[in-house]
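# Tertiary structure, described
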Amino acid sequence: MLLIKGRETDILIKDGKIAEIARKIPVYEGVEVLNAERLYVSPGLVDMHVHFREPGFEYKENISTGSMAAAAGGVTTCLCMPNTSPVIDSAEGLAYIAAKAKASPIHVLQCAAVTVGQKGRELTDFAALKSTGATALSDDGVPIQHAELLRRAMIAARELDMLIISHCEDDDLAQNHAVNEGRVSAKLGLPGRPKIAEELQVARDAMLARDTGARVHIAHVSSAGSVDIIRKAKAAGVNITAETCPQYFALTEDEILEKGTLARVNPPLRTREDVDAIIRGLIDGTIDAIVTDHAPHSTEEKSQPLESAPSGMIGLETSLGLSLTYLYHTGILSLERVIELMSINPARILGISGGTLEVGAPADIVIFDPDEAWTVDPAKFKSKARNTLFGGMKLQGRVKYTIAGGDIVYRD
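Note that the structure is predicted; figures quoted are calculated from it, not measured. (Residues numbered from 1 in each chain as written. Predicted model: local features only at pLDDT ≥ 70, side-chain atom pairs only at ≥ 80, totals over all residues. Heavy atoms only, no water.)

On to the pairing of strand 3 (residues 17-22). The sheet contact formed by strand 2 (residues 10-14) and strand 3 spans five bridges and is antiparallel. In the sheet register, Ile13 faces strand 3, and the bridge partner there is Ile18. Once strand 2 ends, the chain turns through two residues before running back antiparallel as strand 3, passing Asp15 with a positive phi of about 55°. (Pairing = 2+ DSSP bridges. Helix = DSSP H or I, 4+ residues; strand = E, 2+ residues; numbered from the N terminus.)

What follows is the structure, given as C-alpha cells:
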C-alpha cells in the first residue's frame, strides 16, 4: 500500500487503485508514505499522441525507453501512432504491441492505421482492430488525401464508435517542405510549407465529420486558420475535438534560424499570430488537449541538411514543465485548466479510465512542484533520443513522482 500525505487531503492506494481519500488517514505499518504537503497531486497525464518507433525503428526509441521517458514526464498513459515498420494495421501488429507493453511501467495504448500500410488506398478491418485492442484509428504521418475514402472510413468508424485522429495536410501543397512558408523560408531561400495545406484538410475533415456524424480528432493544430475552423465547427455541433503541442504555443518559426533541424517539425512552427491563436484556442476550449507528438530521431538523422532531415522532436520529459512555464506561470491558464488539457480531456476523448482522482479509480497519479525551476539537460533524458528544441532552457514546474497502477514508476 501507498499513502500520499497532502497538505489538506491524503490519498491511500491499495491493489493499484485509490482506496480512500480523506483529510487525515492514519499511517499503518508496512505502508509507504510520500510527503506531498508542498506539492500538487494530480491525475496522471494522458498523452494521446506519441511515437515509440517500435517495431522497425528501435534505434530511435522503443516501448521500454519511451515509457520511461513518459514516466519521467508525469505521463501515465500514452497512445502510440501506427507509422512503424511494419505499420500497425492488423491484429498481429496489435498483439505484438500489447505483449511488449506488458513490461512497461506505464499504460501503453495503440492507435491502428485507417488504411492498409498507411497507403491511403484500402481501409483496414476496423471491427477486427477494435476487437483486438485498438484504442483509435489514424494514418498519422501519412495524411489521407482522398475524401471519398476518408468519408467511408468515418462512416465505418461511427458505426463502431471508434475515434479517428486526423493528421491534416494536403500533400500537393505541403510537399514535405522543411519550414513554414513566410519570412523565414524566404530568408533561407527555401520553399515553404503553407498554412493552407493544413487548413484545407481541417476544413474538409470537419465537414466530413458533420456529414457522417463520426467522432474526429484533429492532430497537432498549428495555425490560426485551423483554430478558427475548429471553433466554428464546434459551434455548429460537429463532433470534433483537437490537440496541440507545446512547441506550437511556445515557439515561432524564428527557431529555425537558430536551432536548424532541431526546429524542423511537422506541421512546422508558424508565426507569432499563429501562436497567439493557439493560446486563445486553449483558453476558450476550441483546443481540447495538449500532447507531445513525441517523435524521436537519431543524432545522425537530425545532423543532415535542413531540407533532408526528418521532421519531429521529442517532448515527453518537458511537456508539463513547458505547459506550466508558458501557460500557468504567465497567468494564461489556471493549474486546473492545464491538468484538464493534459489529463482529463485526453482520457475523455479516448474513452479510457484515467484523468481522475476518485475512490475506486486506477491509481495513476503525478505529483509535481509547480514552482520548482530546472534546466533542461537532454543528456539526462530517459528517452534514447536527444532531438529537443528545449535543451538548456530554464523551466518552472517539475515532476517529483509518477505513480501508475499504484506503483511508483518515477522519483525525481
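So, about the packing of aromatic side chains. Counting across every chain of the model gives one aromatic pair. Between Tyr40 and Phe368, the ring centres sit 5.1 Å apart and the planes meet at 45°, which makes this aromatic pair tilted. Highlighted residues: Tyr40 in strand 5 (residues 40-43) and Phe368 in strand 16 (residues 365-375), separated in sequence by 328 residues. Residue class for Tyr40 comes out partly exposed when judged on its relative accessible area of 22%. With relative accessibility at 0%, the residue Phe368 sits in the buried group. (Phe/Tyr/Trp six-rings, centres within 6.5 Å; stacked < 30°, edge-to-face > 60°. Buried < 20%, exposed > 50% of the residue type's maximum accessible area, 1.4 Å probe, protein only.)

A separate point is the state of the cysteines. Per the stated rule, a full pass over the model turns up zero disulfides. No disulfide involves Cys111; its sulfur sits 9.5 Å from that of Cys80, the nearest cysteine. With a relative accessible area of 0%, Cys111 lands in the buried category. Here Cys168 stays free of any disulfide, with the sulfur of Cys245 as its closest cysteine sulfur at 13 Å. Residue Cys168 is classed as buried on the basis of its relative accessible area, which comes to 4%. (Disulfide = S-S within 2.5 Å.)

Taken in spatial order, the four strands of this open sheet run 3-2-1-4, and their pairing is mixed. Where the open sheet ends on each side, the last strands, each with one partner, are strand 3 and strand 4 (32-35). Between one strand axis and the next, the sheet turns through 20° on average, direction left out of account. (Axes fitted to C-alpha atoms, helices over the stretch in contact; angles between N-to-C directions.)

So, about the packing of helix 4 (residues 147-159) against helix 7 (residues 195-212). Between helix 4 and helix 7, whose axes approach to 10 Å, the crossing angle comes to 45°. Taken together, the axes of helix 4 and helix 7 lie oblique to each other. Crossing geometry of helix 4 relative to helix 7 is assigned as right-handed. Counting all contacts with helix 4, which are made through Ala147, Leu150, Arg151, Met154, Ile155 and Arg158, the residues of helix 7 involved are Arg204, Asp205, Leu208, Ala209, Asp211 and Thr212. Across the contact of helix 4 with helix 7, the residue classes break down as six nonpolar, one polar and five charged. (Parallel < 35°, antiparallel > 145°, perpendicular 65-115°, else oblique. Left-handed = near helix turned anticlockwise from the far one by under 90°. Contact = heavy atoms within 4.5 Å. Nonpolar A, V, L, I, M, F, W, Y, C, P; charged D, E, K, R; others polar.)

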